[in-house]
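So the chains spell out like this:
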Amino acid sequence: MAHPADALAVTGPALFRALADPDRPVTVVCLAPSSPQARDHLLDVLGRGGPWERSTEPLVPSAVLRLFRLRTRAATLVCFVEPEPGAAPAPGGPPLFDELAAALLRRFVPTVVCTLDPDPEHIAWSAEAGPVYADHPDHAAVAQAVLEAVRPVGRDAGAAPARAAVAVECFRAADSCGRAAPTAVVRYPGPRIGLSRGADGRLTAYAALGGAVTRWTERAPGGPEWVREDLDTPPLLPVLSLARDPRGWVHLFSLRRTPSGPDGAGVEVMHAVQYQTGRPVGGWRSLGNPNGAATGKGREAGVPCAVVDAEGCVHVYVRNFGRGVSARSQREDGSWTPWRDLQGSEVQDGLAAVLDPGGRPELFAPSRDGVLHWRQPPAGGELRRGGPPLTLLVAPGTGLAALATGPGRVTVYGCDERDGATYAYRTDGTATALGGPGAGVASAAGASALRADIDSYDCTVLLRRTPEDAVAVAAYPTELEQAGLWWEPLGAPGLREPAAAADGSGRLTVVSLGVDGRLSVARQEPAVAGLAFGGWVIV
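Just so it is clear, the model here is predicted, and its values are computed rather than measured.

(A) Structural detail: the sheet that holds strand β32 (residues 488-491). Judged by pairing direction, the sheet is antiparallel, and its four strands sit side by side in the order β29-β30-β31-β32 without closing on themselves. The open sheet has two edge strands with one neighbour each: β29 (448-454) and β32. Averaged over neighbouring strand pairs, the angle between their axes works out to 30° when direction is ignored. Two strands pair when backbone bridges link them, and strand β30 (residues 457-465) and strand β31 (residues 471-477) are joined in this way by seven bridges, in the antiparallel orientation. Paired with Arg464 across the two strands is Ala472, which belongs to β31.

Okay, structure coming up:
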């Protein structure tokens, strides 16, 4: 964090979930100068009156760590960065955040780092002054330093990483450092992990880790052995979207952030293709930014969402600076169209794209007015708005899922901020509640959805996380939500929403990314009636 209040006001819910696990070490570090009162308040809240042991150790030549270890929970540390007593001022001022972040990663060797928003949303804009932000500048500076530090040295050159890949979670700051927020709002919502089956029947899982992409590939269809590889990529944000085309090629999308001085950065949409299971991924190509080179505007590019239509053309959608949606498409000859503005207003991140039953793309985007909907006309061409918004008010920091579930109908799944429950909204106007905190599923968590054959019935399978960040699964006959469904916890605590696909034997396979950066796999038990899974296997 930058300041002591950030740990409570920005990442409070995520922090306290981690503290609830007695076997999980948790360290909170404040890099920017802070007042004694702010420090004492953080220690009082986290310690709940418990005693703290104090110590000091060097961090970098011009700074030290003041460490506070909770005696009642030895795995909890709170640290404050201070100038080295008596040290001469460093040239140009105090230690830079990037130097401190790199030293902290060497000191604590984390597997998950939670930090702040490197590119906060603007609250105003003018042609003369550019974007105006309410967020504290220290927040973006600390986040930028962390994102630069987590990438292992040597990854670009193909050398072995110097340390295990680190998962990074960025959280959107509250309106001010001291204002508490009711929930932790994830800056880059959506699945952290994706799963796809290749033409040869083998599954491949992909995850955004360590500023790059990690890949796990089955040695043979149906497993059980997997091969893990840390792919060579440009420096990427903790964002990853997948789209599979009719040939079995997997299109990967992410964001590259390039700092441009202390107060700016450029953000580009990045694209690469895996043509064959287990083979090297093709080179990463920049698709630019929907706001072009406009100063400041490009920083707010949203998480890419992609789909491949029945003709094999790739379409990618991104939230833009104006809080609408922009789109870019790949033609049949491999060239890309320019970015085009699909309009929309007050759009949040967490878009979902799907093919309708006719193989044409449809797009859904959460906004303050509900879920906006675009669809392609039957004659083809650009997407057009498809009627009034669905009345689902998606919880900020969560994503949507969408499935074609009937002739001319798509069902959209999302968490409503008003009650924390998951809802199914059909494009024909049907809406059904599918459970929430009372059903043992965490509020403000996204869902993923797919269709599967279960006991010869066409079923919809939903995946979410429990309040303990474990996997929960539910299934019901497609479009028969009123028949009821039950969320069954499967365990395997992990980061973000899990992913699922049918393996080479037709078994539904669920993967989850653990807090240690390892892949957990559970497969359907075909000999058991209904939807039952075997134990988790960590690979």
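(B) Region of interest: the environment of Gly387. Relative to the helices and strands, Gly387 resides in the loop between β24 (384-385) and β25 (401-406). Classification of Gly387 as partly exposed rests on a relative accessible area of 36%. When the C-alpha atoms of Gly387 and Leu372 are compared, they prove to be 8.3 Å apart, with 15 residues separating the residues in sequence.

(C) Here's a closer look at the sheet that holds strand β13 (residues 241-244). Overall, antiparallel pairing links the four strands, which are arranged β13-β14-β15-β16 in an open sheet. A single partner strand is all that each edge strand has here, and the edge strands are β13 and β16 (285-286). With two bridges joining them, strand β15 (residues 265-274) and β16 adopt antiparallel strand pairing. Residue pairing for β16: Met270 is matched across the bridge by Ser286.

(D) Quick peek at the environment of Val461. Structurally, Val461 is set in strand β30. Using a relative accessible area of 1% as the deciding quantity, one classes Val461 as buried. For the pair Val461 and Trp52, spaced 409 residues apart in the sequence, the C-alpha separation amounts to 47 Å.

(E) The arrangement of the pattern of salt bridges in detail. Taken as a whole, this structure holds 31 salt bridges when the rule is applied. In this structure, the salt-bridge partner of Arg465 is Glu497, at a minimum N-O distance of 3.8 Å. One end of the pair, Arg465, is in strand β30; the other, Glu497, is in strand β33 (residues 495-502), and 32 residues separate them in sequence. No difference in accessibility class separates Arg465 from Glu497, as the two residues are buried. With its nearest N and O atoms 3.0 Å apart, the salt bridge here joins Asp503 to Arg523. With Asp503 in the loop between β33 and β34 (508-513) and Arg523 in strand β35 (residues 519-523), the pair connects residues that are 20 residues apart, well separated along the chain. Assessed through its relative accessible area of 0%, Asp503 is described here as buried.

(F) Examining helix α5 (residues 137-149) more closely. Over its 13 residues, α5 runs 19 Å from end to end, which matches the ideal 18 Å to within 8%, given 1.5 Å per residue. His139, Ala140, Val142, Ala143, Gln144, Ala145, Val146, Leu147 and Ala149 are the residues of α5 that are buried. Along its buried surface, α5 packs onto α1 (4-9), α4 (97-108), β5 (112-115), β8 (167-170) and β14 (250-259).

(G) Spotlight on the pairing of strand β11 (residues 212-218). With seven of seven residues buried, β11 is to be regarded as a mostly interior element. Of the two faces of β11, the one holding Ala212, Thr214, Trp216 and Glu218 and the one holding Val213, Arg215 and Thr217 are both buried throughout. Examined bridge by bridge, strand β10 (residues 203-209) and β11 share six bridges and lie antiparallel to one another. Its bridge partner being in β11, Leu209 is matched across the sheet by Ala212. Turn length for the β10-β11 hairpin, with the two strands adjacent in sequence and antiparallel, is two residues, and the turn residue Gly210 shows positive phi of about 55°.

(H) Region of the structure containing the packing of aromatic side chains. Scanning all chains against the criterion turns up three aromatic pairs. Here the aromatic rings of Trp249 and Tyr275 are separated by 4.6 Å at their centres, their planes lie at 85°, and the arrangement is edge-to-face. Remark: Tyr275 occurs in the loop between β15 and β16 and Trp249 occurs in the loop between β13 and β14; sequence separation between them is 26 residues. Note on Tyr423 and Tyr425: the rings are 6.2 Å apart at their centroids and 50° apart in plane angle, and the pair reads as tilted. For the cation-ring pair, Arg385 lies above Trp374, with the distance from its terminal atom to the ring centre recorded as 5.4 Å. Taking NZ or CZ as reference, Arg464 lies 5.9 Å from the ring centre of Trp487, over its face.

(I) Quick look at the packing of α4 against α5. At their nearest, the axes of α4 and α5 sit 8 Å apart, and the two run at 50° to each other. Relative to α5, the element α4 lies oblique. In this structure, α4 meets α5 at a crossing whose hand is right-handed. From α4, Phe97, Asp98, Ala101, Ala102 and Leu105 reach across to α5, where they touch Asp138, Ala141, Val142, Ala145, Val146 and Ala149. Grouping the constituent residues of the contact of α4 with α5 by class yields nine nonpolar, no polar and two charged.

Rules of the game
- Residues numbered from 1 in each chain as written.
- Predicted model: local features only at pLDDT ≥ 70, side-chain atom pairs only at ≥ 80, totals over all residues.
- Heavy atoms only, no water.
- Pairing = 2+ DSSP bridges.
- Helix = DSSP H or I, 4+ residues; strand = E, 2+ residues; numbered from the N terminus.
- Axes fitted to C-alpha atoms, helices over the stretch in contact; angles between N-to-C directions.
- Buried < 20%, exposed > 50% of the residue type's maximum accessible area, 1.4 Å probe, protein only.
- Salt bridge = Lys/Arg side-chain N within 4 Å of Asp/Glu carboxyl O.
- Expected span 1.5 Å × (residues − 1).
- Contact = heavy atoms within 4.5 Å.
- Phe/Tyr/Trp six-rings, centres within 6.5 Å; stacked < 30°, edge-to-face > 60°.
- Lys NZ or Arg CZ within 6 Å of the ring centre and 35° of its normal.
- Parallel < 35°, antiparallel > 145°, perpendicular 65-115°, else oblique.
- Left-handed = near helix turned anticlockwise from the far one by under 90°.
- Nonpolar A, V, L, I, M, F, W, Y, C, P; charged D, E, K, R; others polar.

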